[in-house]
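One-letter residues, chain by chain:
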Amino acid sequence: MKILKIEFTNINSLRGSHEIDFTKEPFISSSLFAITGPTGSGKSTILDVISLALYGKIPRIPGSRPISKTDIEKFGTILTRNQKEAIARVTYECKHGIFSSQWNISTNRNENLRDNDMEIFDHQKQELITEKKSEVPDMNEELIGLSYDQFIKAVLLAQGEFAQFLKVTKKERGALLEKITGTGVYRLLGQKVYEKNGLLNKVIEKQQTEIGIIKNALMADEVLESKKKDILIKTTELENFQKDIEGLKNALELKKSIQKQASEISSLEDERLLAVKKLSIFDEEHGAPLKQHEKVQDFSEELRNWNLYKQEEKKIREEQITTVHSSKANSDKITALLSNVSAFTRTDTNTSNLYQHLTNFRDKILTLQEQRKEKLNEHTLERTKLKAELDQTSIELNNESPNSLKIAINESVNEIAYSLKSWKDEFQVSESEEIANLRAKFQENYKKTREASREYAAIEALEKEIYRNSSDLEKIQPQLQELPDRIDKQQKKVENCRTKEENLTLKRENELLKASLQQHRHSLRDGEACPLCGALDHPYAEQLPEKDTSLDLRLEEIRKELAIEISILNTATTNLENFRRSAEELKANAINLKNNLQKLNVNFKAKFGELSGVKNIQELEKTCDDLEKKIEDLNQFATEQKKLKHLKTALPILDRLDTILKDGKLLKEKINELYSGNNVQQEVENYQNNWISLERDQKNLKDTQTKLESEVEQLVKKIKSSEGVLLPLLKAKGFVAIEEAYAVLMHTNEANQLRKERQEIQKSIDNSIASLKLLKIQLEELVKNDVESKEEKVLEQLQLKLQQLDALSTECKETERIIKNQDESVLRLNSLQEQIAEKEKETRRWRMLNELIGDRSGNKFNDFAQDLSLSRLIKLANARLKDLSDRYLIDKPTEDEDDGLVAIDAHMGGQRRSVKTLSGGETFILSLSMALALSDLASKNVEINSLFIDEGFGTLDPETLDQTLDTLEKLQAESFKTIGIISHVDSLKERIATQIKLTRNGQGYSTLKVESL
């Protein structure tokens, strides 16, 4: 992976758009370059741009997710102050091709941040791969082959982490190495092994506990054998009890059967007597009618036919009467219909011309309605045309009378004609094409003047900035003039104080050298040896003369005064340096601003020569306003011309509408005179249909009358014939008239039902007699087999036997349950032992893994893995260190050495030294080698051709710095890598020809410039 270009706009202090193209000079000739500038100028911002464009986040803002607008607002970073948009774009080359990844964010019109966007562009396909911001970081990771954490460790080398890594204890070093290499998975693996092993062991322990409980609950073998024998004895006793109980139950059942048999005999006797009584009642109620029916049942069919003929005759005669009434009603309806049609058609209508009169009337009304409809259509069409014309004007088409509308149109025509005359006089044009050409000319002038106004505004803004820059320079001039004298005076004060301090110090030292024994007595303490004689008792140490401390107080005061004067001197010196630097920046800025102003003025004169004489922006704005007013007037001129044309077109349409309305009104009046209904077609059809229906009904009624008369004649003949046959036969049976015989005739089903009912009663009597005889014989047999004991005694014996059986059965079940529980426990015990054996096989592997790598915290495996990673890292670091220094090698500490890493000093015979004892420059060399090693380690599967090394070179002496740069140049030459060094070391700036220089201006912003020395 190699970075080809970095582009960004308004990122942190770097306002505006910037570009660093590594595919162009000077980077083609020298791929080792320096990013230089004072602290806070934005050197690290370039690294932020890279990670932001690729992964949507930067190391300075913590968190695993991409940066959101909330993070930007919270931390106040990325988007340059007072700017509305920020863009970060990186173009890189990898094994999949060349791609550009972009991150951007902007503000809305309310100055609130929108959500950021990300996208990736494929330069080979010339298309966007994706513009979903959630997919971009993952896609870059797939294309480059490095995750975000790997990228910032393999490409953006912050060697400061390794300077710390070299010196910390073993425990802290493991945590740092885990963080740097991203190998926390080993800790997680150790914890998972520990948890899995613990989980399996808990299951086995639980099963072993259950085995112990089961074994404690098992009976001894002799107890089990005794239980089995006892169950055999009790089973035999149970069988005997059941036999006795069965006998007692049979005896009770026999007694119940005897009682039941006697009860049934009594019931049957009652049923027989009841049936005899029912037969007597039946004969009284139905006997005589049934006998009368049986006299005429042979002539039942003839009697029924005779009755049917009579009923049909009666029905037909009633129908004849109804038909006569219907015929009269139909004639009345025909008369009423003829009267209604005459009134409807306004003609003299009869049965012969009714249909023709209705048809003629309908056709006449429909013709008039069609004519009126055509007028309505004409009215609608003309009204639509009129509305189309009026829509282009300010007049609305409503329900006003045509005359009122015509007056309004004429008034509007007059007003517009007056307005057009004033515009024609003003602009000296009248045709639409002339108006359009003049308006285009004014619009061109307006556009040019507006553009000139914008560029003139930029000139005025630049002049204001030059004025502000000049004002800022004037403000600091007094300080620049005053501060050198003040610094000289302050230096004299400092020198004076230092002289006093030196004199007092010398005087104090002389007094100490000349101190007498009397003065030494002030320092004597009982129990402490005298420095002169060694005695522990000091009798002359009492009543000492008062010690003189005034010299010490004076020395302390002068030193405080010296510190204050030095602080004042340093502050003044720093202020002078800052003011000089600001003055230089302001002067350089003034030159740039004046050059820019001159360019703008030259460009303005070249583009807008005719406007170069303007004095201020207000003149241009007024010219724009005048041109804008003329353009608006011309637009109104053209609009009013079109409106006038439409109004003139509308007037003849309005006249035609008036004529159509009058014709339509006459047709409506004529229709209303002839017909006031809503649907003449429907009303005519109703009259015609009613006429057809009434004619059809009249004919049907006549046919029905004829048919009924014929049917009556035939029925009369059948009745006479039937009476001639039946009457002699019935008289022979004792009946005077046919009606009398028909009256006693029953329905066949009724007669059969009565006979069946009598037979069933008789059968019931016969069955009762037979059953009584059989039951009495069976009762005699049961009495012979009955026992002498009473039923209560037998029942008492049965209850006693049942209680004894239940108690014995409960004892047997309890014993059987105990034996069954014993068998189930043995089976469960064997099953658990088999399961534990199987689990022991499964847990053997996890137990072994747990012994090797598992523990609760995961430290065991993590420490082992980190030790391997450290060994690999040290090996790669020593390979890099050979190019940086021939003096040291890095090694892990032994058990008796300090926890920090060890440097083996080849110049001191291989002496092992703690890295904590190394100088800052030596520590930097070792940490740089570690950082490069991590890059090698992280990029073992990915070719990394771009490296950025952040700060730390200020700790190196010139010789070591040269050697380090030689190594980096060698690394760059061998691998064709692009290597960037971020530093503010002056000697490094001189050594590296290609530089990206960052400078700050007085407004807090920075500028970026690529130079080749």
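Further up the page is the structure itself.
Below, the structure is looked at part by part. (Residues numbered from 1 in each chain as written. Predicted model: local features only at pLDDT ≥ 70, side-chain atom pairs only at ≥ 80, totals over all residues. Heavy atoms only, no water.)

## As for the overall build of the protein chain
Filter applied, for reference: Secondary structure counts use DSSP, requiring at least four H or I residues in a row for a helix and at least two E residues in a row for a strand, with both numbered from the N terminus. Burial here depends on accessible area, computed with a 1.4 Å probe over protein chains only, as a share of the maximum for the residue type. Under 20% is buried, over 50% is exposed, and the range in between is partly exposed. In what follows, residue pairs with any heavy atoms lying within 4.5 Å of each other are defined as contacts.
Regarding its fold elements, the protein chain presents 23 helices and 15 strands. Here the protein chain holds 1013 residues, and the buried ones make up 37% of them. Looking at the protein chain alone, contacts between residues at least 24 apart form 72% of all its contacts between residues at least 6 apart.

## Looking at the pattern of salt bridges
Pairing between side chains of opposite charge can happen when the charged atoms of each approach one another. Stated formally: In what follows, salt bridge is the name for a side-chain nitrogen of Lys or Arg lying within 4 Å of a carboxyl oxygen of Asp or Glu.
In total, this model carries 21 salt bridges according to the counting rule given. With a closest N to O distance of 3.8 Å, Asp-21 and Lys-24 form a salt bridge. The class of Asp-21 is buried, set by a relative accessible area of 9%. Judged by relative accessible area, which is 48%, Lys-24 ranks as partly exposed.

## Describing the side chain of Thr-994
Summarising the element assignment, Thr-994 is placed in strand 14 (residues 994–1000). When neighbours within four sequence positions are excluded, Thr-994 is seen to be in contact with Pro-26, Phe-27, Ser-30, Leu-32, Phe-33, Ala-34 and Glu-1011.

## Focus on the sheet that holds strand 9 (residues 888–891)
Strand pairing in a sheet is mediated by backbone hydrogen bonds. Such pairs are either parallel or antiparallel. Note the following rule: Pairing between two strands requires that DSSP report at least two bridges joining them. Where helices are involved, their axes are fitted lines through C-alpha atoms of the stretch in contact, as for all axes, and angles between N-to-C directions lie from 0 to 180°.
Read across the sheet, three strands follow the order 9-10-11 without closing on themselves; strand pairing throughout is antiparallel. Edge strands, defined here as strands with exactly one partner in the open sheet, are strand 9 and strand 11 (911–914). Here the strands of the sheet are splayed against their neighbours by 35° on average, with no regard to which way each runs. Judged from the four bridges that link them, strand 9 and strand 10 (residues 902–905) form a sheet pairing that is antiparallel.

## Overview of the pairing of strand 11
In this structure, strand 10 lies alongside strand 11, joined through four bridges in antiparallel fashion. Bridging across to strand 11, Ala-903 finds its partner in Arg-913. Turn length for the strand 10-strand 11 hairpin, with the two strands adjacent in sequence and antiparallel, is five residues, and the turn residue Gly-909 shows positive phi of about 70°.

## Section: the packing of aromatic side chains
Threshold: Each Phe, Tyr or Trp ring, with Trp reduced to its six-membered ring, pairs with another whose centre is within 6.5 Å; inter-plane angles below 30 degrees give stacked pairs, above 60 give edge-to-face pairs, and intermediate values give tilted ones. Placement of a charge over a ring requires the Lys NZ or Arg CZ to be within 6 Å of the ring centre, with the centre-to-atom vector within 35 degrees of the ring normal.
For the structure shown, the criterion picks out nine aromatic pairs. Arranged with centres 5.3 Å apart and planes meeting at 85°, the rings of Phe-27 and Phe-33 form a pair that is edge-to-face. Exposure class is identical for Phe-27 and Phe-33. Each is buried. Ring pairing ties together the aromatic residues Phe-22, Phe-27, Phe-33 and Phe-948, which thus form one cluster. The side chain of Arg-15 reaches across the aromatic face of Tyr-1005, ending 4.0 Å from its centre.

## Details of the nonpolar core
Most often, soluble globular proteins keep nonpolar side chains buried together rather than apart. Threshold: Nonpolar cores are built from buried Ala, Val, Leu, Ile, Met, Phe, Trp, Tyr and Cys residues. Side-chain atoms within 4.5 Å join them into one set.
Ranked by size, the top nonpolar core spans 81 residues in total, and within it Ile-6, Ile-50, Leu-54, Phe-151 and Phe-948 carry the most contacts. In contact with Phe-151, not counting residues within four places along its chain, are Met-1, Ile-50, Leu-54, Tyr-55, Leu-146 and Leu-156. Listed in part, the 26 residues of the second largest apolar core include Ile-435, Ile-631, Leu-644 and Leu-657.

## Points about the packing of helix 1 (residues 43–55) against helix 3 (residues 136–144)
To keep things clear, this is the line we draw: By definition in this entry, angles of less than 35 degrees are roughly parallel, angles greater than 145 are roughly antiparallel, angles of 65 to 115 are roughly perpendicular, and the rest are oblique. Nonpolar residues are Ala, Val, Leu, Ile, Met, Phe, Trp, Tyr, Cys and Pro. Charged residues are Asp, Glu, Lys and Arg, and all others, Gly as well, are polar.
Two elements in contact, helix 1 and helix 3, have axes whose closest approach is 7 Å; the angle formed by their N-to-C orientations is 105°. Classified by the angle their axes make, helix 1 and helix 3 are roughly perpendicular. Counted together, Ala-53, Leu-54 and Tyr-55 of helix 1 and Val-136, Pro-137, Asn-140, Glu-141 and Ile-144 of helix 3 form the full contact between these two elements. In terms of residue class, the contact of helix 1 with helix 3 is made up of six nonpolar, one polar and one charged.

## A short note on helix 7 (residues 185–217)
The criterion, for reference: Here the expected length of a helix is defined as 1.5 Å per residue gap, with one fewer gap than residues.
Under the 1.5 Å per step criterion, the end-to-end length of helix 7 is 48 Å for 33 residues, consistent within 8% with the ideal 48 Å. Every buried residue belonging to helix 7 is among Gly-190, Val-193, Asn-197, Leu-200, Ile-204, Gln-207, Ile-211 and Ile-214, and all of these are buried.

## What to know about the environment of Ala-251
Note on placement: Ala-251 falls in helix 8 (residues 221–296). Accessibility expressed as a relative area gives 16% for Ala-251, which makes it buried. Separated by 544 residues in the primary sequence, Ala-251 and Leu-795 place their C-alpha atoms 9.4 Å from one another.

## Looking at the pairing of strand 7 (residues 127–130)
Summarising the sheet, strand 6 (residues 117–122) and strand 7 pair through three bridges and their orientation is antiparallel. By the bridge assignment for strand 7, Asp-122 is matched with Glu-127. If you look at the hairpin formed by strand 6 and strand 7, you'll find four residues sitting between the two strands, and Gln-126 has a positive phi there, around 55°.

## Focus on the packing of helix 10 (residues 354–390) against helix 16 (residues 680–732)
Contact geometry for helix 10 and helix 16: axes closest at 9 Å, N-to-C directions at 170°. If you check the angle between helix 10 and helix 16, you find them roughly antiparallel. In this structure, helix 10 contributes Leu-354, Tyr-355, Leu-358, Thr-359, Phe-361, Arg-362, Ile-365, Leu-366 and Gln-369 to the contact, and helix 16 contributes Val-680, Gln-681, Val-684, Tyr-687, Gln-688 and Trp-691. Residue classes in the contact of helix 10 with helix 16 are distributed as 10 nonpolar, four polar and one charged.

## Some points on the environment of Lys-1009
For Lys-1009, the position within the fold is in strand 15 (residues 1006–1012). As for Lys-1009 and His-18, which are separated by 991 residues in sequence, their C-alpha atoms are 8.8 Å apart. Leaving out residues up to four positions away in the same chain, Lys-1009 has contacts with Gln-995, Ile-996 and Lys-997.

## Thoughts on a negative patch on the surface
Note the following rule: Every patch collects residues that have over 30% relative accessible area and no salt bridge, joining them within 9 Å if they carry like charges and within 5 Å if they are nonpolar side chains (Val, Leu, Ile, Met, Phe, Trp, Tyr). In these tables, accessible area is a Shrake-Rupley quantity obtained with a 1.4 Å probe, and a residue counts as shielded only by the protein chains included in the view. His residues and chain termini do not enter the charge count, which takes Lys and Arg as positive and Asp and Glu as negative. A charge is said to be at NZ when it belongs to Lys, at CZ for Arg, at CG for Asp and at CD for Glu.
Side chains of Glu-135, Asp-138, Glu-141 and Glu-142 sit close together on the surface and give a patch of like negative charge. Positionally, Glu-135 belongs in the loop between strand 7 and helix 3.

## Considering unusual backbone geometry
Between Glu-25 and Pro-26 the backbone carries a cis peptide bond, its omega angle lying at 5°. Topologically, Pro-26 is positioned in the loop between strand 2 (14–21) and strand 3 (32–36). Positive phi, close to 55°, is recorded for Asn-12, a residue that is not glycine. On the secondary structure map, Asn-12 appears in the loop between strand 1 (2–11) and strand 2. Positive phi, close to 70°, is recorded for Ile-78, a residue that is not glycine. Note on placement: Ile-78 falls in the loop between helix 2 (69–75) and strand 4 (85–94).

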